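Descriptive analysis of the structure
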Amino acid sequence: MLESNEVSTLSQDPLIDLLACPKCRGTLERVEQPEGFVCKACSLHYAVEDGLPNMLVDDAKHWPLSDGAQ
Ligand SMILES: [Zn+2]
């Protein structure tokens, strides 16, 4: 169950509030490995490089990343 009554005021990462998927305008989800933002709707990962998100669709990677680990 989700508690949604206090999520709007204090965001851990204000950056993500400014970001939307450039392809679908959908909500992005922050991920750690690799650092970046994921659009679940498009299955794309936008990398954060030197602290700046690279929001170019052309540079986005397919998500989940396939590294051959499985
Ligand atoms: Zn998207």
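Structure's up top.
Rules of the game
- Counting restarts for each chain: residues are numbered from 1 in the order of the written sequence.
- Whole-chain, interface and lining totals are the exception, using all residues; otherwise, since this is a predicted model, local features are given only for residues with pLDDT of at least 70 and side-chain atom pairs are given and counted only at 80 or more.
- Definition of nonpolar core: a set of buried Ala, Val, Leu, Ile, Met, Phe, Trp, Tyr and Cys residues joined via C-beta atoms within 7 Å.
- Residue burial is a threshold on neighbouring C-beta atoms within 10 Å of the residue's own C-beta, all placed from the backbone, with 20 or more meaning buried, 12 or fewer meaning exposed, and counts in between meaning partly exposed.
- Note on conventions: DSSP H or I runs of at least 4 residues are helices, E runs of at least 2 residues are strands, and numbering of each starts at the N terminus.
- Each residue is represented by a C-beta atom placed from its backbone, and any two residues with such atoms within 7 Å are regarded as in contact.

The next thing to look at is the nonpolar core. In this structure, Cys21, Leu28, Phe37, Val38, Cys39, Leu44, Tyr46 and Ala60 together form the largest nonpolar core, which totals 8 residues. Every element with two or more residues in this core is listed here: strand 2 (36–39) and strand 3 (44–49). At 3 residues, strand 2 tops the list of elements feeding residues into this core. Residues within four places of Cys39 in sequence aside, it is in contact with Cys21, Lys23, Cys24, Gly26, Leu28 and Leu44.

Turning next to the environment of Arg30. Secondary-structure assignment places Arg30 in strand 1 (residues 29–31). Arg30 gets classed as partly exposed once you count the C-beta atoms within 10 Å, which come to 15. Considering only alpha carbons, one finds Arg30 and Tyr46, 16 residues apart in sequence, at a separation of 9.5 Å.

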